[in-house]
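Inside the fold
One letter stands for each residue in the lines below.
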Amino acid sequence: MNPTFTLTPGQMRLSDLRAIWQAAAPLALDSAAYAAIQASSATIDKIVAKGDAAYGINTGFGKLAKTRIPDDQLELLQRNLIMSHAVGSGELISDEVCRLILVMKIGSLARGFSGIRAAVIDSMIALYNAGIMPAIPVKGSVGASGDLAPLSHMTLALMGEGEVRVNGVLTPAKQALEAAGIQPVVLAAKEGLALINGTQVSAALALNGLFLAERLLEAATITGALSIDAAKGSDAPFDPRIHAVRGQPGQIATAQIYRSLLAGSEIRQSHLVNDERVQDPYCLRCQPQVMGACLDIINNAARTLLTEANAVTDNPLVFVDTGEVISGGNFHAEPVAFAADTLALAIAEIGSISERRIALLIDASISGLPPFLVPSSGLNSGFMIAHVTAAALASENKSHAHPSSVDSIPTSANQEDHVSMATYGARRLHEMAHNTATIVGIELLAAAQGVDFHQPLQTSAVLAQVHQALRARVAFYDKDRFFAPDIAAAKDLVVSGALSSQCRPLFRGLYLD
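This write-up is about the structure you can find in this document. Each chain carries its own residue numbering, running from 1 in the direction its sequence is written. Only residues with pLDDT of 70 or above have their local features reported here, since the model is predicted, and side-chain atom pairs are shown and tallied only from 80 upward, although totals for entire chains, interfaces and linings are computed over all residues. With hydrogens and water set aside, each side-chain value is computed from the structure's full complement of heavy atoms.

Soluble, globular proteins show a tendency: their nonpolar side chains are buried together. In terms of nonpolar packing, the biggest core is built from 160 residues, with Leu17 and Leu195 touching the most fellow members. By definition, any uninterrupted DSSP run of H or I lasting at least four residues is a helix, any uninterrupted run of E lasting at least two residues is a strand, and each is numbered from the N terminus. The greatest single-element share of this core, amounting to 19 residues, is contributed by helix H9 (residues 200-230). Any two residues whose heavy atoms approach within 4.5 Å are treated as being in contact. If sequence neighbours within four positions are ignored, leucine 17 has contacts with Met12, Leu100, Met104, Leu207, Phe211, Leu306 and Ala309. Nonpolar cores were defined as sets of buried Ala, Val, Leu, Ile, Met, Phe, Trp, Tyr and Cys residues, with membership established by side-chain atoms within 4.5 Å. Note on classification: 1.4 Å probe, protein chains only; a residue is buried when its accessible area is under 20% of the maximum for its type, exposed when over 50%, partly exposed between these limits.

With that out of the way, let us pick up the pairing of strand E6 (residues 163-166). By the convention used here, strands pair only if DSSP detects at least 2 bridges between them. Here three bridges tie strand E4 (residues 132-134) to E6, and the two strands are oriented antiparallel to one another. Bridge pairing links isoleucine 132 to valine 166 in E6. Pairing geometry for E6 and strand E7 (residues 169-172), over four bridges, is antiparallel. Directly across from valine 164, in E7, lies its bridge partner threonine 171.

Here isoleucine 439 lies in helix H18 (residues 422-453). Taking the C-alpha atoms as reference, isoleucine 439 lies 44 Å from glutamine 415; in sequence the two are 24 residues apart. If we skip the residues at most four places from it in the chain, isoleucine 439 touches Gly351, Ser354, Glu355, Ile358, Ala390, Leu393 and Ala394.

In this section: the side chain of asparagine 435. Relative to the helices and strands, asparagine 435 is located in helix H18. Identification of polar contacts relies on pairs of N or O atoms within 3.5 Å, with a donor-acceptor requirement for protein atoms, meaning one able to donate a hydrogen and the other able to accept it, and with residues adjacent in sequence counted only if both atoms are side-chain atoms. A distance of 3.0 Å separates a polar atom in the side chain of asparagine 435 from a polar atom in the side chain of asparagine 397.

We define a salt bridge as a contact between a side-chain nitrogen of Lys or Arg and a carboxyl oxygen of Asp or Glu at a distance within 4 Å. Under the counting rule described, the total for this entry stands at 16 salt bridges. With a closest N to O distance of 2.9 Å, aspartate 492 and arginine 473 form a salt bridge. Of this pair, aspartate 492 sits in helix H20 (residues 484-495) while arginine 473 is found in the loop between helix H19 (461-471) and H20, placing the two residues 19 residues apart along the sequence.

On to helix H1 (residues 14-22), then. Regarding H1, the residues found buried are Leu14, Leu17, Arg18, Ile20 and Trp21. Projection of H1 onto a plane perpendicular to its axis shows the buried side chains occupying an angular sector of 165°, all on one side. Directions pointing from the helix axis toward each C-beta atom define the arc.

We now examine the packing of aromatic side chains. Side-chain rings of Phe, Tyr and Trp (the six-membered ring for Trp) are treated as a pair once their centres are within 6.5 Å; stacked means planes under 30 degrees apart, edge-to-face means over 60, and tilted covers the remaining angles. Scanning the entire structure with this criterion turns up seven aromatic pairs. When the centroid spacing of 5.5 Å and the interplanar angle of 75° are considered together, the rings of phenylalanine 453 and phenylalanine 476 count as edge-to-face. Of this pair, phenylalanine 453 sits in helix H18 while phenylalanine 476 sits in the loop between H19 and H20; the two residues are 23 residues apart in sequence, bridging distant segments of the chain. Classification of phenylalanine 453 by relative accessible area gives partly exposed; the value is 26%. You can call phenylalanine 476 partly exposed: its relative accessible area is 27%. Clustering of aromatic rings is evident, with ring pairs tying together Phe383, Tyr477 and Phe483.

Moving on, we get to the environment of isoleucine 267. On the secondary structure map, isoleucine 267 appears in helix H12 (residues 266-269). The class of isoleucine 267 is buried, set by a relative accessible area of 0%. Each C-alpha atom of the pair isoleucine 267 and alanine 230 lies 8.3 Å from the other, and the pair is 37 residues apart in sequence. Every residue in contact with isoleucine 267, bar those within four places of it in the chain, is listed here: Asp229, Lys232, Val451, His454, Leu457, Gln458 and Thr459.

With that settled, consider unusual backbone geometry. Geometrically, the link from asparagine 315 to proline 316 is a cis peptide bond, its omega value of -5° lying close to zero. By the element assignment, proline 316 lies in the loop between helix H14 (287-309) and strand E8 (317-319). Between glutamine 455 and the following residue, proline 456, the backbone shows a cis peptide bond with an omega angle of 15°. The residue proline 456 is located in the loop between H18 and H19 in this model. The backbone of leucine 373 shows a phi angle near 60°, a positive value even though the residue is not glycine. Mapped onto the fold, leucine 373 is located in the loop between helix H16 (364-367) and helix H17 (384-400). At methionine 421, a residue that is not glycine, the phi angle is positive and equals roughly 55°. Relative to the helices and strands, methionine 421 resides in the loop between H17 and H18.

Bringing the environment of aspartate 235 into the picture now. Examined against the element boundaries, aspartate 235 turns out to sit in the loop between H9 and helix H10 (240-246). Of the residues examined, aspartate 235 reaches a relative accessible area of 31% and is grouped as partly exposed. Separated by 33 residues in sequence, aspartate 235 and arginine 268 have C-alpha atoms that sit 7.9 Å apart. Not counting residues within four places of it along the chain, the set of residues in contact with aspartate 235 comprises Leu262 and Arg268. Side-chain polar atoms of aspartate 235 contact the side chain of arginine 268, separated by 2.9 Å.

Set out below in structure tokens:
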């Protein structure tokens, strides 16, 4: 069993979030957080007792905020809020993303600005530790006024309503809570609003995209280096002096990785002299410039998402020191939308330049390799249509990369008249990442095939390990065969992080922690 993660509100690191995304571990809340939680909840109790109208506590919601609700109906008000707002559609959010949603929502509420009781937060922790994942449809949020619909589905699980997933199996929430010994929550004043206001779904989906983008960048850097050897390209463009005079940090860092990956290659040594080619095509030569720029915007997005993961984003907020409850707009997910849009650019570009390297390798007039990377081409089609798949996915990602944040549509009778579309912007990253993982997987197959044609000359020791990891799953393509399983195996090496695990020390310290 993984060690317990003790959540200190406002102090989570990206390494914590990566670990939560990768695997479930027992969760505990720092005991020091409870004083602020209890003080915030007590402030709400005082407001209710005093009888003053306060949004979300004893009023309606959105356009109905002017409607005063009697004290004896406040619990019903919160229940009705959740039931009416649980209107999501589409496939269910994965367990790894649900874990991120729950942990970030717990961390946000536990900062003591939301007016929610400690018992509700403890129930969320119990839900998480029991492996009960709320059944949250992925569609239905516009990323402003919080992720209302998906977070309502999350809250249904706490109430023992709707469905949950336990060990991948859908089951009624009431039954799952009963089996785990968890009492369904009866929401008090403001608690439903605190639970469903917030950007945690958008942020979790974007973090999923971020962590996949990190794996893609690593894998495509490795396959790009292997493609250089397959095409007998030059390592001169990775000279540190070239990158130092430009000064872009990501470019400098990735150029160093390419140098390390190619160091000691017999293939490179074989054409150091008497090579009539003066310059390689851009997809080989400009890899540090492209991948370095991708690294920089991945890290910029990571900074935004880490801030958001620790943020308080519900509304209204409770300020215990003055006893005030103030309505604002932290639920507007524009920062997440912008981060998701930049991640989409990086994911698309990683796939785009990888597709160009596949095209180079199969073109005998440029690569010097057998046409379509197969013996007896003509009788065999080799990698011809595998490249078409890569091209199709690269083009699909171009459409997906159109910024979602420039879109807006008014809702709630024009009360919520500008929205971020962050939830969609973050959601599409998963599909884009899998598209790019397939492209990079195809490049891995093509580059390994090209290197095999250069035997007995060997690639570098580091890249030889990568080559061996692939060949343990996929044999040399000596004649046409059912190719899709090979591509699926190579893609799995990319998207799982197994490919870059062969070269882990080279990527240490590359990302925000």
